[in-house]
Amino acid sequence: MIKIENLSKHYYTEQGNIEAINELNLEVSDGEIFGIIGPSGAGKSTLIRMLNLLEDPTAGSIMVNDVNLTDLSSLNLRQARQKIGMIFQHFNLLSSRTVLKNVSFPLEIAGVSKKKRIKKAKELIDLVGLADRADHYPAQLSGGQKQRVGIARALANDPDLLLSDEATSSLDPESTKSILDLLAKIREELNLTIILITHEMGVIKDICDRVAVIEEGRIIEQGSVLDIFARPKTALTKKFISAVIDYNLPPRIVKYVKAKRPGELVRITFVGEKTHKPYISDLVKHYSVDANILYGNIDEIQGVPFGTLILDLEGDLENVEQSISYLQSEGLNVEVLNDV
Amino acid sequence: MFDLISELARYNDLMISGTLETLYMVAMSLLFAIILGIPLGVFTTITREDHILPNRFVNFILDGIINIGRSIPFIILMVAVIPFTRMIVGTSIGTNAAVVPLSLAAIPFMGRVTDNAILEIQDGVIESAQSMGASPTQIVFKVLLPEALPAIILGLTLTSISLVSYSAMAGAVGGGGLGDIAIRYGYQRFQLLIMLETIVILVLMVQILQHSGNWIANKFDHR
């Protein structure tokens, strides 16, 4: 388990004191894929680089498997780092080494014998699907392939924890998808804990179990990915979600709604099996309101259906209110949209 | 035409020994540049702020040594270090004596070349090695030197070419080699042919050095 307590990082510059991370607390359980999302400059890169002490914290503690990294001597820290893999946005492979030699590099550092190094490196190259590229140099590989090498290299010393610093941010959508699938696969196979930072909500949606939204060095919202998608609280989170799930009204409908001055406009978000129940026809049958579906969208977050529906409810004010409370009592997330 | 060739042939022995002397001076001082200049460059880089072993004091001293060494014109350096040369070689005349000032010029030059070559390596590559738990020594030998190798080889080529021209200067003050021949026969005795022949040999030498340097650097460059 990873436990971060009161973590702070301040930079002292001529322009003054910059607080990159501010008394941040975080817990990540074993085997979890935990995503940290934030806009650029939010401090997420500083945060992940402190998790293996590439960046020294100003204050606070970082407990990885009950060891406080900040207490370690430099020798012990180097040993602890061997059990924390890291992958990077720009891959950071050694250009002078082949794929095989790059993957065996961390084993060389750990002092593993040559025979064992080659055996282990070959296994990992197989795992990431690059068996036919073992003798190539990084310059001969595509971005996605380079990141596969990066992942194989990060796994060389059988780490418990993998840190991913914007690992898919410089990849095209197709490579991003395949790298995320690979991360999900190695988590299953190796029972690894993964902490990743990203500025793309798509990454969070595709593979994370839990997510923390970070802004100006503080966590402003965190929870399971489904909960955050279903009930985002802050404007920033909503903005990130709207980049991958479009739950805002298209302009054409906004125009129509404004012209017509309808009854009550509501946005319903529903998760899981609730997507299968016929709520709309229930409304119409039991509360004598007309439900006009203006906009709808069903997506999937890690296999769980997730939908948004924007309804125009017309009828007596009382009936409309009753129908809204009916939907809420069924556990749906209902939001009345006063301003479109 | 045959006159020309037979005229030149009279000086064959002289030319061969002059060429060998020049090659000897260049090779010896290049050897010292490798043994002392590359470590000087490595220590200068790694003690920089934000590098793997920051140390402001050591960096200031090493960087100062490189700058001072590089700022003294060779002809002055050669004369200024005569007492030091005598102390080491026992004489201030001859090819061995010339190796001392040549090495003193080549070491800081190679130091700067190495420093620049290592600085070209992206921070992220060094960081990734740190994230794997590499020690500073491991980073130097497994990351910095191998990654900078093509640039260091090109730097050695550059150094060796500078040394060819410096060695000609050393010849003028009794260091031997092709420079010595050009001055004594070509300049002082007005033997234009000898002068031209030394120039041709020097040009060929530089061409061969540059091309082989490029070729070797290319062999190691997988970027």
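Parameters at a glance
- Residues numbered from 1 in each chain as written.
- Chains lettered and ligands numbered in written order.
- Predicted model: local features only at pLDDT ≥ 70, side-chain atom pairs only at ≥ 80, totals over all residues.
- Helix = DSSP H or I, 4+ residues; strand = E, 2+ residues; numbered from the N terminus.
- Buried ≥ 20, exposed ≤ 12 C-beta atoms within 10 Å, placed from the backbone.
- Axes fitted to C-alpha atoms, helices over the stretch in contact; angles between N-to-C directions.
- Parallel < 35°, antiparallel > 145°, perpendicular 65-115°, else oblique.
- Left-handed = near helix turned anticlockwise from the far one by under 90°.
- Contact = placed C-beta atoms within 7 Å.
- Nonpolar A, V, L, I, M, F, W, Y, C, P; charged D, E, K, R; others polar.
- UniProt positions renumbered as here; feature names shortened; annotations may be inferred.
- Pairing = 2+ DSSP bridges.

## Quick word on the environment of A:Gly144
All names here are of chain A. Residue position: Gly 144 is located in helix α5 (residues 143–154). Since 17 C-beta atoms lie within 10 Å of it, Gly 144 is described here as partly exposed. Considered as a pair, Gly 144 and Ser 175 are 31 residues apart in the sequence and their alpha carbons are 5.1 Å apart.

## Some thoughts on the packing of helix α11 (residues 279–287) of chain A against helix α12 (residues 317–329) of chain A
All names here are of chain A. Axis separation between α11 and α12 bottoms out at 10 Å; the angle between their running directions is 140°. Regarding the angle of α11 to α12, the classification is oblique. The handedness of the crossing between α11 and α12 comes out as right-handed. Across from Tyr 279, Leu 283 and Tyr 287 in α11, the residues of α12 making contact are Asn 319, Gln 322, Ser 323, Tyr 326 and Leu 327. Along the lines of polarity and charge, the residues of the contact of α11 with α12 split into five nonpolar, three polar and no charged.

## Quick word on the UniProt feature "domain: ABC transporter" (unreviewed entry) in chain A
Within the UniProt annotation, "domain: ABC transporter" (unreviewed entry) is assigned to residues 2–241 of chain A. Overall, residues 2–241 of chain A shows 38% helix and 28% strand. The separation of its end C-alpha atoms is 26 Å.

## Some remarks on the sheet that holds strand β3 (residues 33–37) of chain A
Residues and elements named next belong to chain A. Spatially, six strands are ordered β6-β7-β8-β3-β9-β10 in an open sheet, and the strand pairing comes out mixed. Two strands lie at the open edges of the sheet, namely β6 (84–88) and β10 (218–224), each paired on one side alone. The sheet shows a mean angle of 15° between the axes of neighbouring strands, taken without regard to direction. Bridge count for strand β7 (residues 161–165) against strand β8 (residues 193–198) is five bridges, and the pairing is parallel.

## Comments concerning the pairing of β6(A)
Of all the five residues making up β6(A), five are buried; the element is thus mostly covered by neighbouring parts of the structure. Residue alternation in β6(A) divides its side chains into two sets, A:Ile84, A:Met86 and A:Phe88 and A:Gly85 and A:Ile87, and both sets are buried.

## Notes on unusual backbone geometry
Of note in this structure, A:Glu23 is not a glycine but carries a positive phi near 35°. Structurally, A:Glu23 can be placed in strand β2 (residues 16–28).

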